[in-house]
Amino acid sequence: MEDGLFVKSHAQITVFMDKAGSPLDQLMSSVKSASQKSYEKVNIISEKEITFAGQEAYYFETELFKKGASLRSADYYFIKDGYVVRVGGTSLGSAWNQRSSDIKNSLSSFKLLE
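Analysis parameters
Residues numbered from 1 in each chain as written. Predicted model: local features only at pLDDT ≥ 70, side-chain atom pairs only at ≥ 80, totals over all residues. Heavy atoms only, no water. Helix = DSSP H or I, 4+ residues; strand = E, 2+ residues; numbered from the N terminus. Buried < 20%, exposed > 50% of the residue type's maximum accessible area, 1.4 Å probe, protein only. 1 Å grid on protein atoms, 1.4 Å probe; cavity = no way out; pocket = protein on both sides within 12 Å on 5 of 7 lines; lining within 4 Å. Points joined across faces, edges and corners; volume = space filled by probe spheres on them. Nonpolar A, V, L, I, M, F, W, Y, C, P; charged D, E, K, R; others polar. Patch = residues over 30% accessible without salt bridge, like charges linked within 9 Å, V, L, I, M, F, W, Y side chains within 5 Å. Areas by Shrake-Rupley, 256 points an atom, 1.4 Å probe, with all protein chains shown as cover. Salt bridge = Lys/Arg side-chain N within 4 Å of Asp/Glu carboxyl O. Core = buried A, V, L, I, M, F, W, Y, C linked by side-chain atoms within 4.5 Å. Contact = heavy atoms within 4.5 Å.

J.: Even after reading the chapter, I still don't get unusual backbone geometry, so can you show me in this structure?
T.: Outside of glycine, negative phi angles account for most residues, and trans bonds account for most peptide bonds. The backbone of Ala 53 shows a phi angle near 55 degrees, a positive value even though the residue is not glycine. Tracing the backbone shows Ala 53 in the loop between β2 (41-52) and β3 (55-66). Among the residues examined, Ala 53 registers a relative accessible area of 26% and is labelled partly exposed. A positive phi angle is found at Asp 81, which is not glycine, with a value near 50 degrees. The topology assignment puts Asp 81 in the loop between β4 (69-80) and β5 (83-92). Taking relative accessible area as the criterion, Asp 81 reaches 66% and is therefore assigned exposed.

J.: Would you mind going over the layout of surface pockets with me for this structure?
T.: Any space left empty among the atoms is revealed by the rolling of a water-sized probe across them. Each pocket or cavity is described by its volume, and for the largest pocket that value is around 310 Å³. If you go around the largest pocket, you meet 18 residues; those closest to its centre are Val 31, Ser 35, Leu 64, Asp 75 and Tyr 77. Of all the secondary-structure elements, those providing two or more residues to the lining of the largest pocket are α1 (24-38), β2, β3, β4 and β5. Its residues placed into classes, the lining of the largest pocket shows nine nonpolar, six polar and three charged.

J.: How should I be thinking about a nonpolar patch on the surface in this particular structure?
T.: A surface patch of nonpolar side chains, amounting to about 280 Å² of accessible area, comprises Val 15, Met 17 and Tyr 83. Topologically, Tyr 83 is positioned in strand β5. Residue classification places Tyr 83 among the partly exposed positions, given a relative accessible area of 31%.

J.: Looking at this structure, how should I read the nonpolar core?
T.: Proteins that are soluble and globular tend to have nonpolar side chains buried together. Phe 52, Ala 57, Tyr 59, Ala 74, Tyr 76, Phe 78, Val 85, Val 87, Trp 96, Ile 103, Leu 107 and Phe 110 form the largest nonpolar core, which has 12 residues in total. When contributions to this core are tallied by element, the ones reaching two or more residues are β3, β4, β5 and α2 (96-108). If near-sequence neighbours (up to four positions away) are discounted, Val 87 is found in contact with Thr 14, Val 15, Phe 52, Ala 74, Asp 75, Tyr 76, Phe 78, Leu 107 and Phe 110. If you look at the next biggest cluster of nonpolar residues, it comprises eight residues, including Leu 24, Leu 27, Met 28 and Val 31.

Written out as structure tokens, the structure is:
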């Protein structure tokens, strides 16, 4: 960062849906590629297949760097009724230790209504 500048951000929980045009494993490859293009550096801390909200899902925990700032993110991706659903939480890297348990608890409370 430049002298005199600082980054301030609140922890965020987001849900995003879009039409799924490919199987989940192919979609995850595209997600990784897009992240590499959007950030200067991407560290994948954890990546695994998991059951989330009763669905087969992929979990990613990443550290993202851009313009001197570090972000941490925990994201679940799954496909439901032809839509890819991303449920994620993000905070500044410097605040992750204080916020990660609240973020992960919020994410684990996500439920699909039939």
